[in-house]
Amino acid sequence: MKAAVYYETGGPEVLKYEEIPDPQCHPKGVIIKVEAIAIEGGDVLSRFGGKLMTNPHVVGYQASGEIIEIGSEVTHLKVGQKVATLNSWGSHAALRAVPARNCWVVPDGYDMKKAAAIPVTFGTAHDCLFEFGRMQPGETVLIQAGASGVGVAAIQLAKRAGAGLILATASSDERLEALKRLGLDHGINYSRDDVVTEAKRLTDNKGVDVIVDSVGGPTLQGSINALAYRGRVSMVGAAGREPMVVDVGSMMGGNRTLSGVFLGAEIGTDRVHNNIQQLIEDAAKGELEVVIDKVFSLSDAAAAHAYIESRAAVGRVVMVP
């Protein structure tokens, strides 16, 4: 099969489009013919400096496609079904082997490019807001990196759940403007304005109840500083590629909470599996929008990764074999 692979970590240029052996089907797994690959922030970070679990390595969490083979112990799926899949690696390829547990059936007729982008982004955003952020109707929410896949999902989910005020950060006014139709109330251009100062100003100096932070680094301390009394931060990534250094003492006076969130730690639970299936069905019914900024060919994986790192995208970047 064809795949985008690399032999060493580094910039987008390490990705090569090559022929590699087809994957083998595990008794508890399936093989899909990949139709779409949603590039995740974690894919980019892994390519930049993660472990090479295979050599050559096929990176990538999310892909959708048609099941072409099922393992001998799989009873709830069948050949010919369309599914969205999630695994630790292997999405950047024409074929993919995944555990059957990490498959979600895509409703008939739904766009497979959009389906590919749902499990990590919407599942993570949902956990950040509700499972760990404990968001309640009427509360104020701030989404760091609002134009990211998780950000786009979190804005919509917070709006649907009745957030009182939704704020988000991005690197330009244009990217922020594009988020308003999804439910954003006020955008903060972090390249120009101080996020904490603006968050306090927009909340009449009360601060924010729930913050979703996928950036980390110095941004994480800013998130803590922007919290209201009893505010909660869900820290879900390190897109900024800088060390996580925070002053935990700054949380005490306001009885604030910082939670680390990793969807993969509970991906095998019924709670997360069923939640992702419901989110896919909601999207297929038009209740949630999967925003796809640009579509690349898998053979142009290096260019797709470079585009993501330019921070120009709003929503997800997708590749097709």
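Above: the structure in question.
These numbers were taken from a predicted model, which means no experiment stands behind them.

**Some remarks on the overall build of the protein chain**
Helix and strand content of the protein chain: 9 helices and 15 strands. Against the globule reference of 20 Å for 321 residues, the protein chain gives a C-alpha radius of gyration of 19 Å, in line with a compact fold. Once the C-alpha set of the protein chain is aligned to its principal axes, its extents read approximately 55 × 40 × 35 Å. Buried positions account for 52% of the 321 residues belonging to the protein chain. Long-range contacts, defined here as pairs at least 24 residues apart, represent 67% of the contacts in the protein chain between residues at least 6 apart. Of the accessible surface of the protein chain, which amounts to about 13500 Å², a share of 51% is contributed by carbon and sulfur atoms. Distance from the positive charge centre (31 side chains) to the negative charge centre (37 side chains) of the protein chain: 2 Å.

**Some remarks on the packing of helix H1 (residues 41-49) against helix H9 (residues 301-309)**
For the pair H1 and H9, the least separation of the axes is 11 Å and the interaxial angle reads 110°. One way to sum up the angle between H1 and H9 is to call them roughly perpendicular. Contact with H1, carried on its side by Asp 43, Val 44 and Arg 47, involves His 305, Ile 308 and Glu 309 of H9 and no other residues of that element. Partitioning the contact of H1 with H9 into residue classes produces 2 nonpolar, 1 polar and 3 charged.

**What about the packing of aromatic side chains?**
Across all of its chains, the model carries 1 aromatic pair by this definition. Here the aromatic rings of Phe 296 and Tyr 307 are separated by 6.0 Å at their centres, their planes lie at 50°, and the arrangement is tilted. One end of the pair, Phe 296, is in strand E14 (residues 292-297); the other, Tyr 307, is in helix H9, with 11 residues separating them in the sequence. Pair check on accessibility: Phe 296 and Tyr 307 agree, each one buried. We note Lys 294 situated over the ring of Tyr 307; from NZ or CZ to the ring centre the distance is 4.8 Å.

**Quick notes on the packing of helix H3 (residues 119-131) against helix H4 (residues 149-160)**
At their nearest, the axes of H3 and H4 sit 8 Å apart, and the two run at 55° to each other. On the basis of their axis angle, the class for H3 and H4 is oblique. Where H3 crosses over H4, the two elements pack in a sense that is right-handed. Counted together, Thr 121, Phe 122, Thr 124, Ala 125, His 126, Leu 129 and Phe 130 of H3 and Gly 149, Val 150, Ala 153, Ala 154, Gln 156, Leu 157 and Ala 158 of H4 form the full contact between these two elements. Of the residues assigned to the contact of H3 with H4, the class counts are 9 nonpolar, 5 polar and no charged.

Reading guide: rules and limits
- Residues take numbers from 1 onward in each chain, read along the sequence in its written order.
- Local features are withheld for residues below a pLDDT of 70 in this predicted model, meaning they are given only at 70 or higher, and side-chain atom pairs are given and counted only at 80 or more; totals for whole chains, interfaces and linings count all residues.
- Think of the side-chain values as coming from all heavy atoms in the structure, minus any hydrogens and water.
- Helix and strand assignments follow DSSP, with helices taken as H or I runs no shorter than four residues and strands as E runs no shorter than two, numbered in order from the N terminus.
- Only the C-alpha atoms count toward the radius of gyration. The rule for a globule is 2.2 Å times the residue count to the power 0.38.
- Remark: exposure states derive from per-residue accessible area (1.4 Å probe, protein chains only) relative to the maximum for the residue type, with buried under 20%, exposed over 50%, and partly exposed in between.
- The contact rule is simple, with two residues in contact once any of their heavy atoms fall within 4.5 Å.
- Calculation of accessible area relied on Shrake-Rupley with a 1.4 Å probe; when residues are assessed, cover is drawn exclusively from the protein chains displayed.
- Positive charge is attributed to Lys and Arg, negative charge to Asp and Glu, and no charge count is given to His or to the chain ends.
- To locate a charge, take atom NZ for lysine, CZ for arginine, CG for aspartate or CD for glutamate.
- Each axis is a line fitted through C-alpha atoms, taken for helices only over the stretch in contact, and angles between the N-to-C directions span 0 to 180 degrees.
- Angles are sorted into four bins: roughly parallel if under 35 degrees, roughly antiparallel if over 145, roughly perpendicular if 65 to 115, and oblique for all others.
- Ten residues, namely Ala, Val, Leu, Ile, Met, Phe, Trp, Tyr, Cys and Pro, are considered nonpolar, four, namely Asp, Glu, Lys and Arg, are considered charged, and the remaining ones, Gly among them, are considered polar.
- Stacked, tilted and edge-to-face pairs are distinguished by plane angle, under 30 degrees for stacked and over 60 for edge-to-face with tilted covering the rest, among Phe, Tyr and Trp rings (Trp via its six-membered ring) whose centres lie within 6.5 Å.
- Whether a charge lies above a ring is judged from NZ of Lys or CZ of Arg, which has to be within 6 Å of the ring centre and within 35 degrees of the ring normal.
- Each crossing is labelled by how the near helix is turned from the far one, with a counterclockwise turn of less than a right angle marking it left-handed and a clockwise turn marking it right-handed.

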